[in-house]
Amino acid sequence: MTLPIEIFRFDALKKLAAERLGEITPAEEEVLRRSASTEDKRPPASDDHSDVRAAFLRWLATDKEAEAHIDPLGIRVANDTITSALNLNFCKLPFPLVFWFCTLQDQLSLFSAELPALYLFECKTEKGISAAFLTTQRTVFLQKLKTNGQLNFTGAQIGGDLHCSGATLTVEGKALSADRANIAGSVFLREGFTSSGEIRLLGAQIGGDLDCSKATLAGKGSALNADGVRIGGYVQLRREFSCSGTMNFLGAQIGGDLICSHATIRNLTCENVLLAGDLIWTAIREPEESYLNLFGASIKMLRDDTPSWPARGNLVVKGLEYKDLIHHESATQEHLRLRRGPPQRPLDAGERVRWLNLQDDEDRLDPHAWMWLAKLFKEKGQDHHARWVLLNYRLKRATAGNWLLWLGRVALALLSWEPLLVLLPFLFILCWGSQIYQRAWNEQSIRPTASDAYTAHPAVPASARADEYSRAYPAFNPWIYVLENELPLAKFGMDDKWAPDPNLIAKGKSGAYWSLAGFRWFLILAGWAQGILLTLGVNRRFRD
């Protein structure tokens, strides 16, 4: 039912249009009728489009006399084609601008314009929208927009949401630019949003979320550039989200979670990001093709699952800091359908070591990531896990660099993990040396060092050996002999009493003599080396 006020407004607008523009078309007359109406109802879509002049719309938007007859619901255009550029630069509109199912064959220009809201429902633009420094009190609504030109909202002040759900941006280069824009609400690039160019949010401030659920960013090179962005809510890259290019969040500040789940992500760079919420990296599709850069990032909690880990060399966690680490079971389609995350699983040091080994060769030697993970395990009361992480890092450091120091570094790393491991080489050398000197004794290659050892004694049978020793002289024991030489500063009275027979040289067995003498020095040096490594290992163990 048409209200009298609507009839009055329509007649007044029609009269003004005739005075300003001359004859108007039936389509333009319908625009006047809608703009005067108090009915807030979306018209049905129609394939039968009529032409509306851009000059007519500019007059209607800027004429002060016409302004008094336009309903607060705004100028409303439906199922029409605007054949030329609509230039509203620097215009201040007191009412919204609304297009339903329209085609704009040229650019819509709103540079430094002011209006309550901008709505384009399922429209097409051939040359995009130029709205740098636009100011709106409420939402910019571009749902299911199709454009072959750039959407430029650089420096815009948007009092509500920037709503581009379902939009298709067929643009090479910059597809959507909102650098330094201030958006009080959320940015919605979801539910079928597709872009073949770059989405730019450099230095933008977004009060709500950046929601890219079910979006496709097909741009090569830089697909989403959000360096320095400040986002009050969540960043959602999930529910079949797909990006074939690079997404940059260098130096970004995000107040909620960064959710990457059930998504295809080729390159996500979050260097020096401040993330007040969690980073969720689960159910990533084709993870072997993914690259995840968290260099210098600071996040509340990292949540991931093993199947989503990138390939070796495609993970950067150098300088990453996190308050907690949660490992999930593998996600399934059922979790996606129910919109629930998979259950948690206990943290395993061996598994997290494999995770850190996904870094490239240079970053794997950087201590920060290893020390941070060990610190987390210690805070959880899992000291054995912390020591395992530190052991793997030290072994990795030990095997890098000068090969001459390799053995000592490896030994030190193992002893700092478990000091009792020093018993393994100690016992091996003890057994080995005892066998060598027992054989030398049997071959009469070991002789007393003191002359009084050769005093004959009637209790010693003549057939025992070629030489007879005094009963008061200590009997040779190869185990004690080796033990005394292997233990620094230990004295059992065996090393001073027995030594390799120097007469072997005169008998033409100099090789045997020097082998036994040299092995004794080996025992002494090995003992000191083991003692020093044990001391350093225990010291490092207590430091850890």
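Just above, that's the structure.
Residues numbered from 1 in each chain as written. Predicted model: local features only at pLDDT ≥ 70, side-chain atom pairs only at ≥ 80, totals over all residues. Heavy atoms only, no water.

**Q** So what about the pairing of strand β29 (residues 235-238)? Which residues, and what values?
**A** Summarising the sheet, strand β25 (residues 210-211) and β29 pair through 2 bridges and their orientation is parallel. Note that in β29 the partner of D211 across the bridge is Q236. The sheet contact formed by β29 and strand β32 (residues 258-261) spans 4 bridges and is parallel. Following the sheet pairing, R238 is matched in β32 by S261. (Pairing = 2+ DSSP bridges. Helix = DSSP H or I, 4+ residues; strand = E, 2+ residues; numbered from the N terminus.)

**Q** Explain the environment of S130 to me, using residue names and the numbers behind them.
**A** Inspection of the secondary structure puts S130 in strand β11 (residues 129-130). Through-space distance from the C-alpha of S130 to that of S112 is 9.7 Å; in sequence the pair is 18 residues apart.

**Q** Can you break down the packing of helix α1 (residues 4-21) against helix α3 (residues 54-62) residue by residue, with the values?
**A** Look at α1 against α3: their axes get within 11 Å of each other, and the N-to-C directions meet at 120°. Comparing their axes, α3 and α1 come out oblique. Note on packing geometry: the crossing formed by α1 with α3 is right-handed. Of α3, the residues touching α1 (which contributes L13, L16, A17, R20 and L21) are F56, W59 and L60. (Axes fitted to C-alpha atoms, helices over the stretch in contact; angles between N-to-C directions. Parallel < 35°, antiparallel > 145°, perpendicular 65-115°, else oblique. Left-handed = near helix turned anticlockwise from the far one by under 90°. Contact = heavy atoms within 4.5 Å.)

**Q** Summarise unusual backbone geometry; cite the residues concerned and give the values.
**A** At R239, a residue that is not glycine, the phi angle is positive and equals roughly 55°. Judged by relative accessible area, which is 13%, R239 ranks as buried. Although it is not a glycine, E240 adopts a positive phi angle of roughly 70°. Among the secondary structure elements, E240 is positioned in the loop between β29 and β30 (242-248). Classification of E240 as partly exposed rests on a relative accessible area of 45%. (Buried < 20%, exposed > 50% of the residue type's maximum accessible area, 1.4 Å probe, protein only.)

**Q** Please set out empty space enclosed by the protein residue by residue, giving values where relevant.
**A** If you walk through the whole model with that rule in mind, you get 2 cavities of 30 Å³ or more. Every residue along the wall of the largest cavity is listed here: W281, L292, L294, L302, D304, W309, P310, L315 and W355. Partitioned by chemical class, the residues of the lining of the largest cavity number 8 nonpolar, no polar and 1 charged. L258, C270, V273, L275, L279, L294, A297 and I299 together form the lining of the second largest cavity. Residue composition of the lining of the second largest cavity, grouped by class: 8 nonpolar, no polar and no charged. (1 Å grid on protein atoms, 1.4 Å probe; cavity = no way out; pocket = protein on both sides within 12 Å on 5 of 7 lines; lining within 4 Å. Points joined across faces, edges and corners; volume = space filled by probe spheres on them. Nonpolar A, V, L, I, M, F, W, Y, C, P; charged D, E, K, R; others polar.)

**Q** Please provide a residue-by-residue account of the side chain of R364, values included.
**A** Topologically, R364 is positioned in the loop between α6 (349-356) and α7 (367-379). The exposure class assigned to R364 is buried, which follows from its relative accessible area of 5%. Not counting residues within four places of it along the chain, the set of residues in contact with R364 comprises R312, L356, N357, Q359, W370, Y393 and K396.

**Q** I'd like to hear about the packing of aromatic side chains, residue by residue, with values.
**A** Scanning all chains against the criterion turns up 20 aromatic pairs. Between F428 and W432, the aromatic rings sit 6.0 Å apart at their centres with planes inclined by 35°, giving tilted as the arrangement. One end of the pair, F428, and the other, W432, are both in helix α10 (residues 423-442), 4 residues apart, so they sit about a helical turn from each other. Residue F428 is classed as exposed on the basis of its relative accessible area of 56%. For the pair W441 and W498, a centre-to-centre distance of 5.4 Å together with 85° between the ring planes defines the contact as edge-to-face. Separated by 57 residues along the polypeptide, W441 in helix α10 and W498 in strand β41 (residues 498-500) bring together distant segments of the chain. Across the pair, exposure class does not vary: W441 and W498 are buried alike. Here the aromatic cluster, defined as three or more aromatic residues joined through ring pairs, consists of F428, W432, Y437, W441, F476, Y481, W498, F519 and F522. Looking at K375, its charged tip hangs above the ring of W372, at a distance of 4.4 Å from the centre. If you follow R520 out to its NZ or CZ, it ends over the ring of W521, 5.8 Å from the centre. (Phe/Tyr/Trp six-rings, centres within 6.5 Å; stacked < 30°, edge-to-face > 60°. Lys NZ or Arg CZ within 6 Å of the ring centre and 35° of its normal.)

**Q** Please set out the pattern of salt bridges residue by residue, giving values where relevant.
**A** Using the criterion set out here, one finds 24 salt bridges in the structure. Notably, a salt bridge pairs R200 with D179, separated by 2.9 Å at the nearest N-O pair. Remark: D179 occurs in the loop between β19 (174-177) and β20 (182-183) and R200 occurs in strand β23 (residues 198-200); sequence separation between them is 21 residues. Residue class for R200 comes out buried when judged on its relative accessible area of 15%. For the salt bridge of D304 with R352, the shortest nitrogen-to-oxygen distance reads 3.0 Å. Within this pair, whereas D304 is found in strand β36 (residues 298-304), its partner R352 is found in helix α6, the two being separated by 48 residues in sequence. (Salt bridge = Lys/Arg side-chain N within 4 Å of Asp/Glu carboxyl O.)

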